[in-house]
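Below, each chain spelled out in residue letters.
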Amino acid sequence: MKKFFLFAVMAAAAFTAQAQNIQLHYDFGRNIYSGEEAGRQKVTVTLEQFKADQWGSWFYFVDLDMSRHFTEGAYAEISREINLSKSLPLAAHVEYDGGLNKSGSFQQAGLAGIAYNGHTEDFSKTWSVQVLYKHYLKSYENTHSYASAQLTGVWGMNLLNDKLRFAGFIDFWRGEKANGHGCLVILSEPQLWYNLTQNLAVGTEWEFSNNFVYNTDPTSDKTFFFNPTLALKWNF
């Protein structure tokens, strides 16, 4: 439910200055890992928007994690890219990540670096590689400020005469465990969408992660998780 939308709409951005969508995901993670993910939300609502201008582009998304009784949390990322060259597909990238949940807040982070963006002539395939400095901020009790780095890959492609859209991203970054030791965090969220109409699509998202999901089972040392969803998407 994430940043790959920026590049999934690059084709649209070639003809219009902005695009946005809203997604509704039913998450099966808690059914698969009843102990380790006992508190995982079942429903996530995602709002995404991309807007291009003469200098580059803006992008943001907001994830709202919903339970039966209330909103469990809200997480957002907002980024700005400024084109660096007319002859090379390079852009300066700055980003803020953060949000709130019922227990307090997510640890905030600021990122800055370089993005290499590309596409085929007809924009049916798009890709991006981002090399970013990442700095975590002290956001709540028992957290502290520390430096990190992130490598991001993003892709998107249209299939079956644009009836199918396969898009996704993969992030690698340095995180810290509860004991303060560093660890490699991996997060990938590929999505597959079937376009029922020009605006409405049905699909799925598969979240793969390592050292990312908080394990609520004290008897388990599991760090790798696979969380699939069923989803609907409306393109404005």
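Calculation notes
Residues numbered from 1 in each chain as written. Predicted model: local features only at pLDDT ≥ 70, side-chain atom pairs only at ≥ 80, totals over all residues. Heavy atoms only, no water. Salt bridge = Lys/Arg side-chain N within 4 Å of Asp/Glu carboxyl O. Buried < 20%, exposed > 50% of the residue type's maximum accessible area, 1.4 Å probe, protein only. pLDDT = per-residue confidence, 0-100. Helix = DSSP H or I, 4+ residues; strand = E, 2+ residues; numbered from the N terminus. Contact = heavy atoms within 4.5 Å. Phe/Tyr/Trp six-rings, centres within 6.5 Å; stacked < 30°, edge-to-face > 60°. Lys NZ or Arg CZ within 6 Å of the ring centre and 35° of its normal.

**Student:** What is the right way to read the pattern of salt bridges from this model?
**Tutor:** Where charged atoms from two side chains of opposite charge come close, those side chains can pair. Applying the stated criterion to the full structure yields five salt bridges. The partner of R174 in a salt bridge is E176, with the nearest N and O atoms 3.5 Å apart. Accessibility expressed as a relative area gives 36% for R174, which makes it partly exposed. A cluster of three or more residues bridged by salt bridges with shared partners is formed by D27, E37, R40 and E207.

**Student:** Please explain the confidence of the model for the protein as it appears in this structure.
**Tutor:** Keep in mind that low pLDDT regions are not for reading the predicted coordinates in detail. Mean pLDDT over the protein works out to 90, with 92% of the residues at or above the 70 mark. Within the protein, the element-level pLDDT minimum falls on helix α2 (residues 10–13), averaging 46, and the maximum on strand β13 (residues 200–210), averaging 98. Counting contacts from residues 5–16, a segment whose pLDDT is below 50, to residues more than four positions away or on other chains yields 28 contacts.

**Student:** Would you mind going over the packing of aromatic side chains with me for this structure?
**Tutor:** Two numbers describe a pair of aromatic rings. These are the distance of the centres and the angle of the planes. Applying the stated criterion across every chain, the model contains 11 aromatic pairs. Considering the side-chain rings of F61 and Y75, the 6.0 Å spacing of their centres and the 50 degrees angle between planes classify their relative orientation as tilted. On the criterion of sequence distance, the pair formed by F61 in strand β3 (residues 56–66) and Y75 in strand β4 (residues 71–83) is long-range, its members being 14 residues apart. Here F61 and Y75 have matching classes, each one buried. Judged by centre distance (5.4 Å) and plane angle (75 degrees), the rings of Y75 and F106 are edge-to-face. With Y75 in strand β4 and F106 in the loop between β6 (104–105) and β7 (109–119), the pair connects residues that are 31 residues apart, well separated along the chain. Judged by relative accessible area, Y75 falls into the buried class, the value being 18%. Since its relative accessible area comes to 27%, F106 is described here as partly exposed. Taken together, the ring pairs connect F59, F61, Y75 and F106 into an aromatic cluster. Just above the ring of W173 sits the side chain of K134; from NZ or CZ to the centre is 4.0 Å.

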